[in-house]
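# Topology and contacts: notes
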There are 2 protein chains.
Amino acid sequence: MPVQMELRRIIINEVDDHQVIILKEVEGDRQFPIVIGIFEATSIDRRVKGMQAPRPLTHDLITAVVEQMGGEIQDIVISDLKEHTYFARLRVRKEGELIEVDCRPSDAIALAVTARVPIYVSEEVLGEALDED
Amino acid sequence: MPVQMELRRIIINEVDDHQVIILKEVEGDRQFPIVIGIFEATSIDRRVKGMQAPRPLTHDLITAVVEQMGGEIQDIVISDLKEHTYFARLRVRKEGELIEVDCRPSDAIALAVTARVPIYVSEEVLGEALDED
């Protein structure tokens, strides 16, 4: 069963390019960090703060592409952890069909924040993430 | 009639965040610059150089979303110039239908380079761009 998570913190580090986001279980206390790049971190940060951009940014474009092609973003899932690297999936609902597209967790989380859809992590990945932390 | 352009140069400026890409007419000599951000410039630069990323980057994700939803990127068009700002459209072909999605030229050009599709500019915008330059 995937576990629903929320974005708890974004830690912007100006010294090197290892930004950190902390995901926390919605109905519990388990949490773990994911290291992402500065572009993705600032993109997520802008969205969380509700800052409007004058023109659609890259993650807005993805949301627009999905909608104009007749689908909607259902949720995102952090589905795998291999050699300290997380893998995610964007899940799009289109005419009853579920389309899963592989992506990086940073893009997935930026999209979840943009499209206001839930963030899930598989129970297995959550267990491994806690062991790593 | 839109005019087909090619990416002639990417000028990465390490002093401030005004990177420049130069688009040149494919069947002629007209060219003009577009100022973009460093993330977009390095994303385009990586693609032009054929550098592979271990995981799909944001513009690869857009291409994958379009394909998995049953469409294909046909081309991109730089369609407008208002108050020194360019506007573009991503054009997706899906079951014979043409879907146009508004985007920034930097995303459009990164997508054109990723999906290997033509870059067009409207004749009107090209005229105005030459006047500005």
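See the structure printed just above.
Bringing the overall build of chain A into the picture now. Along chain A, the regular secondary structure elements total four helices and seven strands. In sequence order, the secondary structure elements of chain A are arranged as β-β-β-α-α-β-β-β-α-β-α. Structurally, chain A occupies a C-alpha span of about 40 × 35 × 25 Å along its principal axes. Buried residues in chain A amount to 38% of all 133 residues. Across chain A, every contact between residues at least 6 apart in sequence was considered, and the portion connecting residues at least 24 apart equals 48%.

Attention now moves to the sheet that holds strand 1 (residues 2-11) of chain A. Residue and element names in this part refer to chain A. With respect to topology, seven strands assemble into an open sheet ordered 3-2-1-7-4-5-6, the strand pairing being mixed. Pairing within the sheet leaves two strands with one partner each, and these edge strands are strand 3 (31-36) and strand 6 (97-103). The average angle at which neighbouring strand axes cross in this sheet is 35 degrees, direction not considered. Examined bridge by bridge, strand 4 (residues 72-82) and strand 5 (residues 85-94) share nine bridges and lie antiparallel to one another. Looking across to strand 5, one finds that Val 77 is bridged to Arg 89. Contacts from helix 1 (residues 38-48) reach strand 1, strand 2 (19-25) and strand 3 within the one sheet, and its direction differs from that of strand 1 by about 100 degrees.

In summary, the two copies of the chain are related to each other by a rotation about an axis coupled with a shift along it. Once turned by 180 degrees and shifted 0.0 Å along the axis, chain A lies on chain B with an RMSD of 0.0 Å. When the rotation and shift are considered jointly, the pair of chain copies conforms to a two-fold rotation axis. Within chain A, A:Ile62 has its C-alpha nearest the rotation axis, a separation of 3.0 Å. The fraction of interface residues of chain A whose copies in chain B are also interface residues reaches 100%, indicating that both copies meet through the same surface.

Residue and element names in this part refer to chain B. Here Glu 83, not a glycine, exhibits a phi torsion of approximately 50 degrees, which is positive. In this structure, Arg 116 is a non-glycine residue whose phi angle is positive, near 50 degrees. The residue Arg 116 is located in the loop between helix 3 (105-115) and strand 7 (119-121) in this model.

Now for the packing of helix 1 of chain A against helix 3 (residues 105-115) of chain A. Each packed pair of helices is defined by two parameters, the angle between the axes and the distance between the axes. Residues and elements named next belong to chain A. Two elements in contact, helix 1 and helix 3, have axes whose closest approach is 9 Å; the angle formed by their N-to-C orientations is 15 degrees. Considering their axes alone, helix 1 and helix 3 lie roughly parallel with respect to each other. Crossing handedness for the pair helix 1 and helix 3: left-handed. Contacts between helix 1 and helix 3 pair Glu 40, Ser 43, Ile 44, Arg 47 and Val 48 from the former with Ser 106, Asp 107, Ile 109, Ala 110, Val 113 and Thr 114 from the latter. Partitioned by chemical class, the residues of the contact of helix 1 with helix 3 number five nonpolar, three polar and three charged.

Here we take up helix 2 (residues 58-68) of chain A. Quick reminder: α-helices carry 3.6 residues per turn. Residues three or four places apart thus point the same way. For helix 2 of chain A, every residue scored as buried is listed here: A:Thr58, A:His59, A:Asp60, A:Leu61, A:Ile62, A:Val65 and A:Val66. A:Gly70, located one to two residues past helix 2 of chain A, shows a positive phi value of around 90 degrees.

Between chain A and chain B, the residue contacts involve 20 residues of the former and 20 residues of the latter. Contributing elements (two or more residues each) for the side of chain A that touches chain B: helix 2, strand 5 and strand 6 of chain A. Looking at the side of chain A that touches chain B, the element that brings in the most residues is helix 2 of chain A, giving seven residues. In the side of chain A that touches chain B, the residues fall into 12 nonpolar, three polar and five charged.

It is worth spelling out the sheet that holds strand 6 (residues 97-103) of chain B at this point. Adjacent strands of a sheet form backbone hydrogen bonds with each other and so pair up, either parallel or antiparallel. Residue and element names in this part refer to chain B. Ordered in space as 3-2-1-7-4-5-6, the seven strands form an open sheet in which the pairing is mixed. Edge positions in the sheet fall to strand 3 (31-36) and strand 6, since each of these pairs with one other strand and no more. Taking the axes of each pair of neighbouring strands and ignoring which way they run, one obtains an average angle of 35 degrees across the sheet. Note: strand 1 (residues 3-11) against strand 7, three bridges, orientation antiparallel. Considered in strand 7, the bridge of Met 5 is made with Ile 119. Docked against the sheet, helix 4 (residues 123-132) engages strand 1, strand 3, strand 4 (72-82) and strand 7, running at close to 45 degrees with respect to strand 4.

Scoring rules and cut-offs
Position labels on residues start from 1 in each chain and follow its written sequence. Ligands are numbered from 1 and chains lettered from A, in the order in which they are written. A pLDDT threshold of at least 70 governs which residues receive local features in this predicted model, and a stricter bar of 80 or more applies before side-chain atom pairs are shown or counted, although totals over entire chains, interfaces and linings include all residues. Strands are runs of DSSP state E lasting at least 2 residues, helices are runs of H or I lasting at least 4, and numbering of each runs from the N terminus. In this scheme the burial state of a residue depends on its C-beta neighbours within 10 Å: 20 or more other such atoms mean buried, 12 or fewer mean exposed, and anything in between means partly exposed; the C-beta positions come from the backbone. We call two residues in contact when the distance between their C-beta atoms, placed using the backbone, is within 7 Å. Between any two strands, pairing holds if DSSP finds at least two bridges. As a rule, the C-alpha atoms of each element are fitted with a line to give its axis, helices using only the stretch in contact, and angles between N-to-C directions run from 0 to 180 degrees. When the copies are overlaid, the least-squares fit takes in C-alpha atoms only where the residue has pLDDT of at least 70 in both copies. We call two directions roughly parallel when the angle between them is under 35 degrees, roughly antiparallel when it is over 145, roughly perpendicular when it lies between 65 and 115, and oblique otherwise. For any helix crossing, the convention is left-handed if the near helix is rotated counterclockwise from the far helix by under a right angle, and right-handed if that rotation is clockwise. Following the grouping adopted for this structure description, the nonpolar residues are Ala, Val, Leu, Ile, Met, Phe, Trp, Tyr, Cys and Pro, the charged ones are Asp, Glu, Lys and Arg, and the polar ones are all others, Gly among them.

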